[in-house]
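# Architecture at a glance
Chain residues, written in single-letter form:
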Amino acid sequence: MINESIAALADYGLKTGLIAPEDRTFAINSILAVLAIDEYEEPDRIPDESLENTLKSLLDFACENGIIEDSVVYRDLFDTKLMACLTPRPSEVIRRFREEYAESPVTVTDNFYKFSQDTDYIRRYRIAKDIRWKSSTEYGELDITINLSKPEKDPKAIAAAKAAKQSGYPKCLLCPENVGYRGRVNHPARQNHRIIPVEICGEEWGFQYSPYVYYNEHCILFNQKHTPMVIDKKAFEKLFDFVRQFPHYFIGSNADLPIVGGSILSHEHFQGGNYTFAMAKAQVEKEYVIKGFEDVKAGRLKWPMSVIRLSGERPERLAELADHILTSWRGYTDEAAFIFAETDGEPHSTITPIARRNGSQYELDLVLRNNITTEEHPLGVFHPHAELHHIKKENIGLIEVMGLAVLPARLKQEMELLEKALIEKGVNSLRDDPILEKHADWAEEFSSRRTITPENVSDVVKDEIGKVFAQVLEHAGVYKRTPEGMAAFDRFVDSL
């Protein structure tokens with residue numbers, strides 16, 4: 001039985017092109033070494049099954065024979081070690097990437113994305129578990145996803161991670177030293193991970209895909225040096241250099257301050273991909289002419305957050321204007337609009353930038369951000385407020401800014417229970433349910449204006465979640481979409 005699974009894994013490598021026929025015996029012996037098996041006999045029949053099932057058989061063998069503990073953390077570390085037996089060396093992957101890039105940037109990213117899935121660095125079978133839908137709002141169709149692809153750690157693994165010796169290698173999950181790293185209970189294995197060196201504005205950067213793929217070809221571009229995130233003129237220039245080299249991709253950066261920034265502020269990186277978000281489709285609702293930059297188109301976007309879109313054929317001019325806007329915004333205070341550049345010496349204002357190509361035009365969306373907190377809003381004034389935390393409490397980073405909600409896994413069960421309760425017990429039952437109580441105000445409100453039936457309850461709940469996400473983005477907008485808010489937005493632009 002184990003020989004069948006070993007042969008199936010080697011043949012998976014052949015089918016996907018990870019190994020050549022000449023590599024098959026070498027791959028089988030590598031798998032045997034990982035499994036601590038000394039002998040092998042080629043089976044008469046090799047099962048034609050999914051990679052997930054083949055790995056499961058090998059992992060079950062490892063657990064039954066005491067090689068690893070039966071826990072998702074240890075299984076993930078071990079199956080990555082198995083996939084390393086099929087994964088080509090970095091130099092070979094890089095050489096192939098460079099050869100294919102010379103033919104077409106689209107072809108090379110298509111192939112590298114497939115490769116990153118074939119090696120199981122991106123676990124297709126886990127990504128498929130994510131729940132995704134689109135929700136129509138006044139701002140266009142927003143993307144909603146409930147993330148189920150990150151496995152929950154069991155208590156034993158959590159305890160082991162706490163007890164584990166703290167290591168500074170690799171310094172973080174983005175550092176190039178992750179390539180080939182075997183991992184540990186508190187750091188994922190990366191033996192099947194490959195990065196592509198790219199030159200960005202004369203600096204050495206790395207290109208890879210996100211293992212969690214929140215959208216199509218979700219890539220990460222990172223500085224090869226472990227250096228902190230910073231939004232400045234150079235950052236804008238780096239974004240443009242990337243879309244010059246990969247014109248079919250967008251690229252954006254999280255802001256460089258807590259609350260409004262990303263999860264890894266300690267390492268400079270951007271996120272991009274081959275996907276068109278609702279924000280990219282949003283229209284300019286008011287055009288601006290900024291003195292000294294009459295050659296650059298500028299305008300306010302019809303979007304729940306506060307966005308200035310710049311466009312033109314000369315990226316260096318867009319970067320200059322973006323730097324002028326950023327510098328002005330960092331120092332801008334408008335007490336009437338509750339915009340404070342700093343309090344007690346702590347800076348609050350920054351920008352989330354997103355760059356893309358649109359034909360011969362370059363576009364740069366500048367999302368105005370501010371991370372001030374108050375007693376009423378301790379997590380942030382321009383952050384989802386408490387009444388929306390039953391759906392989304394986490395920070396609003398680059399991906400959400402563009403119109404994709406990454407919602408917590410708990411919502412899968414909660415929405416199933418909510419739908420059942422609305423049909424079987426009615427909305428008034430929610431306040432007596434410890435799990436659903438937090439959704440009661442929301443459910444009572446939408447139930448009062450919608451007819452809910454067994455046939456439509458799931459669609460209604462999904463639609464209402466989309467409306468909540470639109471509100472989340474409105475809360476994160478520094479200028480509200482009211483006459484007063486838009487007047488305040490115009491006051492800032494006038495100050496430029």
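## Examining the nonpolar core
One recurring pattern in soluble globular proteins is that nonpolar side chains are buried together. Among the nonpolar cores identified, the biggest contains 96 residues, and Phe 207, Phe 242, Leu 310, Ile 325, Leu 364, Tyr 479 and Phe 492 are the most heavily contacted of them. When near neighbours in sequence (up to four residues on either side) are disregarded, Phe 242 contacts Ile 200, Phe 207, Cys 219, Leu 221, Tyr 249, Phe 250 and Ile 251.

## Comments concerning the environment of Asp 48
Note on placement: Asp 48 falls in the loop between α2 (24–35) and α3 (51–64). For the pair Asp 48 and Gly 168, spaced 120 residues apart in sequence, the C-alpha separation works out to 42 Å.

## Topic: unusual backbone geometry
The omega angle of the peptide bond from Tyr 169 to Pro 170 is -20°, so this bond is cis rather than trans. Here Pro 170 is to be found in the loop between α8 (155–163) and β3 (196–200). The phi angle at Val 213 is positive, at roughly 40°, despite the residue not being glycine. Take Val 213: it is sitting in the loop between β4 (203–209) and β5 (219–223). Despite not being glycine, Glu 217 has its phi angle at roughly 55°, a positive value. With respect to the helices and strands, Glu 217 occurs in the loop between β4 and β5. You can call Glu 217 buried: its relative accessible area is 5%.

## Looking at the sheet that holds strand β2 (residues 140–146)
Reading across from one edge, β1-β2-β15 is the order of the three strands in this open sheet, with mixed pairing throughout. Taken across any chain shown, the strands that pair with only one partner, and hence form the sheet edges, are β1 (131–137) and β15 (404–407). Neighbouring strand axes in the sheet, compared pairwise and without regard to direction, differ in orientation by 25° on average. Examined bridge by bridge, β1 and β2 share seven bridges and lie antiparallel to one another. Bridge pairing links Arg 132 to Thr 145 in β2. Contacting β1, β2 and β15, helix α15 (residues 457–476) crosses the sheet at an angle of about 70° to β1.

## A few points about the packing of helix α5 (residues 90–103) against helix α6 (residues 105–118)
At a minimum axis distance of 7 Å, the contact between α5 and α6 shows a crossing angle of 150°. Taken together, α5 and α6 sit at an angle that is classed as roughly antiparallel. Contacts between α5 and α6 pair Val 93, Phe 97, Glu 100 and Tyr 101 from the former with Pro 105, Val 108, Asn 111, Phe 112 and Phe 115 from the latter. Split into classes, the residues belonging to the contact of α5 with α6 amount to seven nonpolar, one polar and one charged.

## With respect to the sheet that holds strand β9 (residues 297–301)
Read across the open sheet, the ten strands follow the order β3-β4-β5-β7-β6-β13-β14-β10-β9-β8; overall the sheet is antiparallel. A single partner strand is all that each edge strand has here, and the edge strands are β3 and β8 (284–288). The average undirected angle you get between the axes of adjacent strands in this sheet is 25°. Alignment of strand β6 (residues 250–252) against strand β13 (residues 349–358), held across two bridges, turns out to be antiparallel. For Gly 252, the partnering residue across the bridge sits in β13 and is Ile 354. Each of β8, β9, β10 (307–312) and β14 (361–370) touches helix α16 (residues 483–494); the most contacted strand, β8, lies at about 30° to it.

Criteria and cut-off values
- Residues numbered from 1 in each chain as written.
- Predicted model: local features only at pLDDT ≥ 70, side-chain atom pairs only at ≥ 80, totals over all residues.
- Heavy atoms only, no water.
- Core = buried A, V, L, I, M, F, W, Y, C linked by side-chain atoms within 4.5 Å.
- Buried < 20%, exposed > 50% of the residue type's maximum accessible area, 1.4 Å probe, protein only.
- Contact = heavy atoms within 4.5 Å.
- Helix = DSSP H or I, 4+ residues; strand = E, 2+ residues; numbered from the N terminus.
- Pairing = 2+ DSSP bridges.
- Axes fitted to C-alpha atoms, helices over the stretch in contact; angles between N-to-C directions.
- Parallel < 35°, antiparallel > 145°, perpendicular 65-115°, else oblique.
- Nonpolar A, V, L, I, M, F, W, Y, C, P; charged D, E, K, R; others polar.

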